[in-house]
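Fold and contact review
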Amino acid sequence: MIGRNEMAKKQTVHLKINGQQREADVEPRLLLVHFIRDTLGLTGTHVGCDTSNCGACTVVFDGRTIKSCTMFAVQADGAELLTVEGLFQEGKLHPLQEGFKQEHGLQCGFCTPGMLMSTYALLQKNAQPTESDIRWGISGNLCRCTGYQNIVKAVQYAAGKMAQGGAR
Amino acid sequence: MIPPSFEYLRPKTVPEAVAMLQQHGDEAKILSGGQSLIPMMKLRLARPGVLIDINRISGLSYVKEEGGYLKIGGLTREAEMESSPLVRSKYPILLDTAHVIADPQVRNMATVGGNLAHGDPANDHPATMVALGAQVIATGPKGERVIPIEDFFVSLFATALQHEEILTEIRIPVPAARSGGAYFKLERKVGDFATAAVAAQLTLDEKGVCQSVGIGLTNVGPTPVKARKAEEFLRGKKPDESNIAQAAQLAADESTPSPDLRGPVEYKKGLVKELTKRALTRALERSGRGLH
Amino acid sequence: MIAKTSPEIGGMGHSIKRKEDSRFIQGKGNYVDDVHLPGMVFGHMVRSPYAHARLKSINTEKAKELPGVLAVITGEDLAKANLAWMPTLFFDKQMVLATGKVLFQAQEVAFVVAQDQYTAADAAELVEVEYEELPVLVDPHKATDPGSPILREDREEKSNHIFHWEVGDKAATDKAFQSAPVKASLHAISQRCHPAPLETCGCVADFNRATEKLTVYLTSQAPHAHRTLFSLVGGIPEQNIRVVSPDIGGGFGNKVPIYPGYVCAVVASLTLGLPVKWIETRSENLQSTGFARDYHMTAEIAADQNGKVKALRVKTLADHGAFNAAAQPTKFPAGLFSMCTGSYDFAESFCEVDGVYTNKAPGGIAYRCSFRITEAAYLIERVVDILASQLKIDPAELRRRNFIQPDQFPYKTPLGWTYDSGNYEGALNKALEMVGYAQLRKEQEEKRKKGELMGIGISSFTEAVGAGPAHTFDIAGIKMFDSAEIRVHPTGKAICRMGTKSQGQGHETTYAQIVAQELGIPASDVIVEEGDTDTAPYGLGTYASRSTPTSGAATAMAARKIRDKAKKIAAHLLECSEEDLEWEPGKFFVKGAPSKSKSIQEIAFAAYTNIPAGLEAGLEAVNYYDPPNLTFPFGTYICVVDIDKGTGEIKVRRFVAVDDCGNVINPMIVQGQIHGGLTEGLAIAFMQLIDYDENGNVQGGSFMDYLIPTAVETPHWETGSTCTPSPHHPFGAKGVGESPNVGSPAAFVNAVVDALSHLGVKHIDMPITPWKVWNVLKEKGVVS
């Protein structure tokens, strides 16, 4: 009986991740976060909870942030994903990555990839966010170490840099 | 954390999806935003044998005014509601509501249709749709049918949707001039369900007397609560401070909250009273500004 | 006086950017769940749904038959190897996998091992366990009632009472109370909560049959101690165990205990000869791993009419759950709770604590608690406010009248602690100034006339960190020294290893800065490694804010040994005697002839190429540091709140935190620690509770209901500092990581109570949720 403990037929997922075409055969129930971490070996995206509350698994899916623990890999067939590993482009760190380092926006680093993806999407939509915009923008990402204050500063740093040097 | 196995189907059209629902019967569940269903599957509280992913069906995501209605496609994402110029300019009650659903990532996937079809009185859109007097369009094997929102929520997690029907559209009658609405939610933190929330929509006549009013309550009963007595009381009266206060008390009396980690019954009723006051006051303000 | 180094060297006081950030911002951290080994298999724990029940039978047949399942281990299997029980860190034992009965909901019952984690999860559902429910005990106050069920049948003494501990002079304290004109008292609960680091606990246990070596990648705050314990408990020769704590995603005390999942993974790996990964889910983390607090406390202060305190009497009931797994030094069953006299000059004090068992998850010491000083500081800062309110003395003024004065240090408390240094009034004054206290009190008066609710709360805490001196401190018998090993390469760069283990505190940067300060080698030239027990010198790990006071000191001492040798080499190179040489960070120079100098880099090169006769080659040193005392950081926090009368919601309008941790290595990192700890304190004060219903069902066992503040709930933190060095620490530093958790809950609670005090409110227990406030307002007829 399907829905119990037998393996369902595998399906092929084709997707683009960080600019690269990838494909694999997966069980429908394979969570996208496990596909990213285990099948594709990109361990920058993290698992921090089991009730879709923490945002550590945040990736960009077809241009918008989603919690990759709350999506099946099969749903991402044909989609374009961006994970933290994809932020380093053309031999350079993204201004957000620079900002997190400059402003001490991380301590243990576990929430950081999710934070980077959420703030990346935030700055794409709103190049000059206020502090309130930033706090609302990361309200789906939990951090235990920083108290968020320096994360806000990191985003402001990046927004400033991107305004100067042209958006990315 | 790990869901049980299921078969995955991805229809391209609504008729295809409906046929799949018919074929698989009770084993099948619609996967739209998945932000309620997938967490339940991960906890193994929901174990559908077949998931029908409707996310690729085109033509189900729109926000438009047509024929005297605001029409919202069932697959419209909450984030799309937040950024819709139509919603932002003319339907602040809907913006209020979308804005407090879960968090930004969830809103990128969660759909308005799903928020209603799940039948959870803790979801936010139900109360707002109740206040707006909305209609739900269900599409099934026999085509479309219109379900008034008052008949839509049957009991906890149960709606009037038949098993082979998909919620394809929500229709809201375009409010008349001098209308205003607001949604106030109290939550323990961003991302939580409401401890209590109130949606209020009213229309005034030229004398400032309440012509029509809708009040919906979130998470204070097994279904979203339509505060009929409060509505009846306000109809035909000027929504001044005293009348609003009385209406708020009536709404609180009509609520049937359960005690839980968010608070005891008395508190939740107290919140309904306070939030009804605030929602009606804001709705009144907005009616004066020519907004709907 | 600490010499100032240049920004290029980056010694003490420089806010240099963190060296470890590079990998984290690129998603290239190496956390335990990132570890992938060839042939690796996966473990999944089967857990009890009941809080108290006999284990009638376990049937693992169906589970074992599922394709892809390699093993299902039960308590019975472990019992054959004498591993069904393991010692806790505090004179008790706990079940690894249940035999006979289960004692808390979510207790470990069986361990499934399969090819992948999805199959393991499916198989776990197929394990059939038959339970016979037993009466449940969740109220610690009923633990010693005659009618209550006895939980621990394995103990000789059939009682739910674990320990009674007392300290201080009871007779003198009682006498002081008898003659005191003023008495204030408080009953307060420091509620059960959970540290919930964002990365849960887990391991990869890898037993290599060919080499007989066991490598365990482990979320461990104390890798060496864990290695020794694995060896002693598991009977595996210690040289054949390597524990690697790679990157750790937050600890906060959650990663100090040894958990059943680790033991099961090790056993599975030994049995199968394959690497076994076990990573718990968030729900498992919240429901079964080391909780924090659950102290039910009564404090009484005896004072005179001017508010001058005379004596403090404290009685506490400690709920330890089903096993006493509290991770604390062996001489302290209540941790350092006897720090409860706080910043105040009490002539007498007496403190007693009784610990009991209940049908709840085991533990007690966690969540940045400084070994229970969070409970102690909360208690004293609340009861001092009660006294102030009773006597109608401003709470800042009352504190001022009672502070231990700077000239009283080193100060011995009546409960046995010797504080090293402090300037409590200095911190208080700075905080009052930063927040604009006088103006706020005026505003409060105005607002009260209009019926608006606004409160100001002060907390002037002192705490004790850096455990600790060998004469007093050991964990499971291992003395609480710590260590550093520094080796300088020929080109003047260095590698250091310490016995501590960062979980986000920035050690790769701060230890490098200590070396930079002591040797003048730029911090960017210094690599710091921790966490691999094969390479790092033995240490007790990082918790209780001990790293800077212990390993930090060891680093300085080791560096100074290197400097001593460097001086000999410099004298050799400069052809003079050592007495002719002076030091400034980075070089030795001849007194009066500064151009005749040798840089540390030149000296390092010489250590391998031009070694003076009689000296060994190389330039390195190890130091195991036994601190002479703890260090005593302190501060004053001031919180301003506004309360919404309609909903009971509390808004933190401002929070000023003035901390004094002596000489600071990296101000940016200290500030980050304060921000994070204050956010945890906010959550504890207003949002967090792990509770149990009368059947022992856990309430708040997932992130849906165990609430972590987002950036929206978290206010802007205003930080400041004063500097009162520790006289005994090699560079005058004290620890600081836990100060915000220790000091802030009282500030938050004092503020809310202050907002309502004119209505007659004296106390509200944490978490102060909106509905609790609303209830109070309703009671007082003030709800709008």
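First, a word on what this report is: a plain description of the structure on this page.

Criteria and cut-off values
Residues numbered from 1 in each chain as written. Chains lettered and ligands numbered in written order. Predicted model: local features only at pLDDT ≥ 70, side-chain atom pairs only at ≥ 80, totals over all residues. Heavy atoms only, no water. Helix = DSSP H or I, 4+ residues; strand = E, 2+ residues; numbered from the N terminus. Rg over C-alpha atoms; globule rule 2.2 N^0.38 Å. Buried < 20%, exposed > 50% of the residue type's maximum accessible area, 1.4 Å probe, protein only. Contact = heavy atoms within 4.5 Å. Areas by Shrake-Rupley, 256 points an atom, 1.4 Å probe, with all protein chains shown as cover. Lys, Arg positive; Asp, Glu negative; His and termini not counted. Charge placed at Lys NZ, Arg CZ, Asp CG, Glu CD. Salt bridge = Lys/Arg side-chain N within 4 Å of Asp/Glu carboxyl O. Phe/Tyr/Trp six-rings, centres within 6.5 Å; stacked < 30°, edge-to-face > 60°. Lys NZ or Arg CZ within 6 Å of the ring centre and 35° of its normal. Pairing = 2+ DSSP bridges. Axes fitted to C-alpha atoms, helices over the stretch in contact; angles between N-to-C directions. Core = buried A, V, L, I, M, F, W, Y, C linked by side-chain atoms within 4.5 Å. Buried area = accessible area lost by both parts, 1.4 Å probe. Polar contact = N/O pair within 3.5 Å; in protein donor to acceptor, adjacent residues only side chain to side chain. 1 Å grid on protein atoms, 1.4 Å probe; cavity = no way out; pocket = protein on both sides within 12 Å on 5 of 7 lines; lining within 4 Å. Points joined across faces, edges and corners; volume = space filled by probe spheres on them. Nonpolar A, V, L, I, M, F, W, Y, C, P; charged D, E, K, R; others polar.

1. Focus: the overall build of chain B
On a plain count of helices and strands, chain B comes out with 12 helices and 14 strands. Relative to the compact-globule value of 19 Å for 292 residues, chain B shows a C-alpha radius of gyration of 19 Å, a close match. Summarising its shape, the C-alpha atoms of chain B cover approximately 55 × 45 × 30 Å along the three principal directions. In chain B, which comprises 292 residues, the share counted as buried stands at 63%. For chain B, long-range pairs separated by at least 24 residues make up 64% of all intrachain contacts whose partners lie at least 6 apart in sequence. Only carbon and sulfur atoms are counted for the fraction: they give 51% of the accessible area of chain B, which is about 10600 Å². Of the side-chain charges in chain B, 36 are positive and 34 negative, and the distance between the mean point of each set is 2 Å.

2. Remarks on the pattern of salt bridges
Within the structure shown, the criterion is met by 87 salt bridges over all chains. Because the salt bridges share partners, they merge into one network encompassing Glu27(A), Arg29(A), Arg44(B), Arg47(B), Asp122(C) and Glu125(C).

3. Section: the packing of aromatic side chains
Within the structure shown, the criterion is met by 31 aromatic pairs over all chains. Taken together, the aromatic side chains of Phe461(C), Tyr637(C), Phe655(C), Phe686(C), Trp717(C) and Phe748(C) make up a single cluster linked through ring pairs. Of note, Lys237(B) hangs over the ring of Phe233(B), and the distance from its end group to the ring centre comes to 3.9 Å. Between Arg313(C) and the ring centre of Phe177(C), over which it is positioned, the NZ or CZ distance is 4.0 Å.

4. A word on the side chain of Thr555(C)
All names here are of chain C. Relative to the assigned elements, Thr555 resides in helix α14 (residues 548–574). What makes Thr555 buried here is its relative accessible area of 0%. Aside from chain neighbours lying at most four places away, what touches Thr555 is Ala484, Ile486, Met498, Tyr511, Ile514 and Val515.

5. A few points about the sheet that holds strand β1 (residues 41–47) of chain C
Residue and element names in this part refer to chain C. What the seven strands build is an open sheet, ordered β3-β7-β1-β14-β11-β12-β13; its pairing is mixed. The two strands at the open ends of the sheet, each matched to only one other strand, are β3 (69–74) and β13 (241–244). Within the sheet, the average angular offset between the axes of one strand and its neighbour, ignoring direction, is 20°. In this structure, strand β12 (residues 213–218) lies alongside β13, joined through four bridges in parallel fashion. Note that in β13 the partner of Thr215 across the bridge is Arg242. Sheet strands in contact with helix α6 (residues 223–234) are β12 and β13, and its direction is about 145° off that of β13.

6. Some remarks on the nonpolar core
Residues and elements named next belong to chain C. Residues Phe111, Ile301, Phe337, Phe655, Phe703 and Leu756 are the most contacted members of the largest nonpolar core, which totals 229 residues. For this core, the element with the highest residue contribution is helix α9 (residues 373–391), accounting for 11 residues. With residues up to four places along the chain from it excluded, the contact list for Phe655 reads Tyr637, Ile638, Cys639, Leu678, His716, Trp717, Glu718, Ser744, Ala747 and Phe748. Core analysis: the second largest hydrophobic core is formed by 44 residues, Cys496, Ala558, Ala570 and Phe731 among them.

7. Here we look at the pairing of strand β7 (residues 143–148) of chain B
Residues and elements named next belong to chain B. Relative to β7, strand β6 (residues 135–140) runs antiparallel, the two being bridged by six bridges. Paired with Val136 across the two strands is Ile147, which belongs to β7. With antiparallel pairing between neighbouring strands as the criterion, β6 and β7 make up a hairpin whose turn holds two residues.

8. So, the interface of chain C and chain A
On the chain A side, the residues contacting the 57 residues of chain C number 49 residues. Here chain C and chain A share an interface that buries about 4600 Å² over both sides, 54% of which is from carbon and sulfur atoms. Of all residues in chain C, Ile25(C), Tyr118(C) and Leu198(C) give up the largest surface area on contact with chain A, accounting jointly for 18% of the area buried on that side. The tally of links from chain C across to chain A stands at four salt bridges. Salt-bridge contacts for Arg29(A) lead to Asp122(C); the nearest nitrogen and oxygen are separated by 2.6 Å. Where chain C touches chain A, the interface holds 26 residue pairs in polar contact (both at pLDDT 80 or more).

9. As for the sheet that holds strand β33 (residues 650–660) of chain C
Residues and elements named next belong to chain C. One open sheet holds the four strands; their spatial order is β22-β32-β33-β36, and the pairing between them is mixed. In the strand order of this sheet, the two ends are held by β22 (453–462) and β36 (718–721), each with one partner. Strand-to-strand twist across the sheet, computed as the mean angle between neighbouring axes with direction ignored, equals 15°. Pairing analysis gives four bridges linking β33 to β36, with the strands arranged parallel. Counterpart to Ala657 in the pairing with β36 is Thr719. In the packing of helix α11 (residues 424–435) onto the sheet, the strands contacted are β22, β32 (634–643), β33 and β36, and the crossing angle to β32 comes to about 30°.

10. Quick look at empty space enclosed by the protein
With a probe scaled to a water molecule rolled over the atoms, the places where space remains empty come into view. Residues and elements named next belong to chain C. Scanning all chains against the criterion turns up six cavities of 30 Å³ or more. Looking at the largest cavity, its volume works out to about 640 Å³. Together, 44 residues line the largest cavity, and Gln505, Thr542, Ser545, Gln673 and Gly737 are the ones closest to its centre. Taken together, the elements giving at least two residues each to the lining of the largest cavity come down to α13 (507–519), α14 and α16 (667–686). Among the elements that make up the lining of the largest cavity, the one with the highest residue count is α13 (four residues). Estimated volume of the second largest cavity: approximately 80 Å³. Lining the second largest cavity are Leu89, Ala222, Ala225, His226, Leu229, Val256, Ile475, Ala476, Ile478, Leu540 and Tyr543. The leading source of residues in the lining of the second largest cavity is α6, at three residues. By residue class, the composition of the lining of the second largest cavity is 10 nonpolar, one polar and no charged.

11. Here we look at helix α8 (residues 125–132) of chain B
Residues and elements named next belong to chain B. Burial runs high along α8: eight of the eight residues are buried. What α8 keeps buried is the set His125, Pro126, Ala127, Thr128, Met129, Val130, Ala131 and Leu132. Of the residues one or two after α8, Gly133 is the one with positive phi, at around 65°.

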